[in-house]
Amino acid sequence: MKSAVVLLPGLNRDRDMIAALTKISGQAPATVWQTDTEIPDVDLIVIPGGFSYGDYLRCGAIAARMPVMRAVAEKAKAGTLVIGVCNGFQILVEAGLLPGALMRNTSLKFVCREVKMQVANANTAFTRGYAPGQIIRSPVAHHDGNYFADAETLARLEGEGQVVFRYAENTNPNGSINDIAGIVNDKGNVLGLMPHPENLIEAAHGGNDGRALFESALGLKAA
Amino acid sequence: MIKARVTVTLKNGVLDPQGKAIEGALAALDFGGVGSVRQGKVFDIELQGSDPAKAEADLKAMCDKLLANTVIENYAVELA
């Protein structure tokens, strides 16, 4: 399965993501730059974390308007799987590919620690490698992970099973509404999440709870 | 040349932790009687041309497409 990683100035988790995808899929992902208008034929596109454009205006706001994001939107529309992690999640909501918004953590503090996340929907292309309700360890590192959506949107997300990951065991690090850590779009092929599964994929990381997410998306886990 | 000011504010019902922190700091400075603080953004924009109707329409489009996140924010456009 082929993958691609989107690169933008200010992202800093791109190397981690490229290493994780290379280790798990057995081949290095293609990389696309912000000004690229075409993305090669791949099964999975990943927007990694970081601080694109220094978080100017709003986190992800500038990145979301770059030409490469129009190409990502076209691929998403055609059904290609897309994952946005951390700043990548913020970019996806700013680009309108996922509903809602990510606001400043209620603590006003940057949080960099490990939290627990529950798989709220194991019936997605990204989570079929997990058991329903499974609790997994998840590193987080962000200042603006406080997910918000209006009541109507929230009801739709909850009703349609679009809330895929939820902070568990009172570890919500940012005040996110309904403890939401990750959501998918209505078609189920675009995932955004604040935690960093790419940083927990092998023994050297101290655990591999994040690995099944990539194995699922890369088709390495049976449905 | 048209000068404009765009003000972006958080919608009612959207929690503003930064506004809350500022509220707390004002109380710490002994400013009594501060009911609440909501933080927003101001953009001063110069536009070429002289048609105020076009300027206003352009500025609203700029707000919808970039300057405001209409999921959580309202905006107001004011021509000088």
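Attention here is on the structure that accompanies the text. The structure presented is a predicted model; accordingly, all values stated were derived computationally and were not measured.

Conventions and cut-offs
Residues numbered from 1 in each chain as written. Chains lettered and ligands numbered in written order. Predicted model: local features only at pLDDT ≥ 70, side-chain atom pairs only at ≥ 80, totals over all residues. Buried ≥ 20, exposed ≤ 12 C-beta atoms within 10 Å, placed from the backbone. Helix = DSSP H or I, 4+ residues; strand = E, 2+ residues; numbered from the N terminus. Pairing = 2+ DSSP bridges. Axes fitted to C-alpha atoms, helices over the stretch in contact; angles between N-to-C directions. Contact = placed C-beta atoms within 7 Å. Nonpolar A, V, L, I, M, F, W, Y, C, P; charged D, E, K, R; others polar. Expected span 1.5 Å × (residues − 1). Core = buried A, V, L, I, M, F, W, Y, C linked by C-beta atoms within 7 Å.

## Concerning the pairing of strand β3 (residues 44-47) of chain A
Residue and element names in this part refer to chain A. The side-chain alternation of β3 yields two buried faces, one formed by L44 and V46 and the other by I45 and I47. Pairing of β3 with strand β4 (residues 81-85), which is carried by four bridges, proceeds in the parallel orientation. Counterpart to I47 in the pairing with β4 is G84.

## Topic: the sheet that holds strand β3 (residues 73-79) of chain B
Residue and element names in this part refer to chain B. In space, the three strands of this open sheet follow the order β2-β1-β3, with antiparallel pairing throughout. Here the strands that pair on one side only, and so sit at the sheet edges, are β2 (41-47) and β3. Recorded for the sheet is a direction-independent mean angle of 20° between the axes of neighbouring strands. Taken together, the seven bridges between strand β1 (residues 2-10) and β2 define a ladder with antiparallel strand orientation. Counted as the bridge partner of R5 is D44 from β2. Here helix α2 (residues 52-67) sits on the sheet in contact with β1, β2 and β3, set at roughly 155° to β3.

## Here we look at the interface of chain A and chain B
Opposite the 11 residues of chain A that make contact, chain B presents nine residues. Here the residues of the side of chain A that touches chain B sort into five nonpolar, two polar and four charged.

## What about the sheet that holds strand β10 (residues 180-184) of chain A?
Residue and element names in this part refer to chain A. Strand order in the open sheet formed by nine strands is β2-β1-β3-β4-β11-β10-β9-β6-β7, with mixed pairing between adjacent strands. Of all the strands in the sheet, the pair left with one neighbour each is β2 (30-33) and β7 (135-142). For this sheet, the mean inter-axis angle between neighbouring strands, taken without regard to orientation, is 25°.

## With respect to helix α3 (residues 87-94) of chain A
Residue and element names in this part refer to chain A. For α3, the buried fraction is high: eight of the eight residues fall into the buried class. All of the buried residues along α3 are N87, G88, F89, Q90, I91, L92, V93 and E94. Tucked inside the fold, the buried residues of α3 contact β3, β4, β5 (101-103) and β11 (190-193). Positive phi appears at G96, one or two residues downstream of α3, with a value of about 80°.

## Thoughts on α2(B)
Structurally, the α-helix is built with 3.6 residues per turn, so residues lying three or four positions apart point the same way. Look at α2(B): only 19 Å from first C-alpha to last across 16 residues, short of the 22 Å you get at 1.5 Å a residue. Considering only its buried residues, α2(B) is in contact with β1, β2 and β3 of chain B.

## Quick word on the pairing of β7(A)
All names here are of chain A. Covered by surrounding structure in β7 are I136, S138, V140 and H142 only, the residues I135, R137, P139 and A141 on the alternate face being uncovered. The pairing of strand β6 (residues 111-119) with β7 spans eight bridges and is antiparallel. Bridge pairing links K116 to R137 in β7.

## As for the nonpolar core
Counting 75 residues, the largest nonpolar core has A:I83, A:L92 and A:A217 as the members making the most contacts within it. In this structure, A:I83 is in contact with A:L44, A:V46, A:F126, A:L191 and A:A217, ignoring residues within four places of it in sequence. Core analysis: the second largest hydrophobic core is formed by six residues, B:C63, B:L67, B:A68 and B:Y75 among them.

All we've got here are geometric facts, nothing functional implied.
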